[in-house]
Amino acid sequence: MKEKAPHILKEIPSSRKSTFDIGYLGVRTHHMQALLELDVTLARELIKKYRSSHKAPLSFTGWIIKCISQAVAEHKSVHGIRKGNDQLLIFDEVDISVIVEKEVNHEKIPLPMVIRNVNEKTLQEIQHEISAAKDQAIRTQEDYVLGNHQYKWAMRFYLALPQFLRLLIWQHILKDPFLMKKIAGTIVVTSLTSIGNAKGWVIPVSIHPACFALGSIVKKPGVYKGEVSIREYLYMTVLLNHDVIDGAPAARFISRLSSLIESGFDL
């Protein structure tokens, strides 16, 4: 009898079920993709100065979230959600879903949290919520949604269902903009940001009208104020739902977002 090759058999964390569902539904969304290369040299210098002078933490991702919320607040149609076939609901509040990596049963898994009304919050308030999520203990499946989430009680029930029923639930959620906003926000930000030499973009899928994926920060030569110098560049992917926004307003939004990030907004 032929021996089996050495291997390890692992259980898939139950939290991955929601990832399966969002992946299935996300590829059916009509997203436009923009691959950006942003000069974040000034911003990173200002963040270092902030940490030194205030003796307080401030994450790069938290600051990017603030920049995104500001750009969306100025171009609200970016996070519009379809209501039926003939209406578009556009919120004043910018609720951003953030992916935080947590260790559960010795496995690192990505879990979502929603930061509410980000456009009205300070950098310190955003940082506090992210830090609290990172410190939050994970004991049961109900904890698989971070923060003070009103639907945490339903998580165990949802994860116990077969996928076809979970997808029916999501289809119901996606048809109700108010329910979608309560459960998942209107925007998602996922980050793989690190310092390194890997050059490239993350291409995510999403059910949100706007999705931002942060890739690596890479040092390389660039032109700044007419001179060539070593600069730091962030690779960012932006997905925008073409059902709710056209190319020209999307381009104006991306231009404004790029300007905020490269100028070190609010630092």
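For the structure itself, consult the block above.
Residues numbered from 1 in each chain as written. Predicted model: local features only at pLDDT ≥ 70, side-chain atom pairs only at ≥ 80, totals over all residues. Heavy atoms only, no water.

### Overview of helix 6 (residues 163–174)
Quick reminder: α-helices carry 3.6 residues per turn. Residues three or four places apart thus point the same way. Using the following cut-off: For helices the rule is a DSSP run of H or I covering at least 4 residues; for strands it is a run of E covering at least 2, with both sets numbered from the N terminus onward. One fewer than the residue count of a helix, multiplied by 1.5 Å, yields its expected span. Residue burial is assigned from relative accessible area. The probe radius is 1.4 Å, only protein chains are included, and a residue is buried under 20% of its type maximum, exposed over 50%, and partly exposed in between. Taken from the helix axis, the directions to the C-beta atoms give the arc we talk about. A contact between two residues is defined here by any heavy atoms of the two lying within 4.5 Å.
Under the 1.5 Å per step criterion, the end-to-end length of helix 6 is 16 Å for 12 residues, consistent within 8% with the ideal 16 Å. Taken together, the buried positions of helix 6 are Arg166, Leu167, Trp170 and Ile173. End-on view of helix 6: buried residues confined to an arc of 115°, all on one side of the axis. When the buried face of helix 6 is taken as reference, the exposed residues oriented beyond 90 degrees from it are Phe164 and His172. Residues of helix 6 that are buried in the fold lie against helix 1 (16–26), helix 5 (155–160) and helix 7 (177–184).

### Some details on the side chain of Asp21
Looking at the secondary structure, you find Asp21 in helix 1. The residues contacting Asp21, other than those within four sequence positions of it, are Tyr158, Gln163, Arg166, Leu167 and Trp170.

### Regarding unusual backbone geometry
With a phi angle near 50°, Asn117 is a residue other than glycine that sits in the positive phi range. With respect to the element layout, Asn117 can be found in the loop between strand 5 (107–115) and helix 4 (123–135). For Asn117, a relative accessible area of 24% corresponds to the partly exposed category.

### So, helix 8 (residues 247–262)
If you check helix 8, its first and last C-alpha atoms are 22 Å apart, about what 16 residues at 1.5 Å a residue would give, namely 22 Å. For helix 8, the set of buried residues is Ala250, Phe253, Ile254, Leu257, Ser258, Leu260 and Ile261. Burial along helix 8 is one-sided: seen end-on, the buried residues are contained in an arc of 160°. At its buried positions, helix 8 is contacted by strand 1 (31–39), helix 2 (41–54), helix 3 (60–74), strand 7 (210–224) and strand 8 (227–241). Directly beyond the C-terminal end of helix 8, a positive phi value near 70° is found at Gly264.

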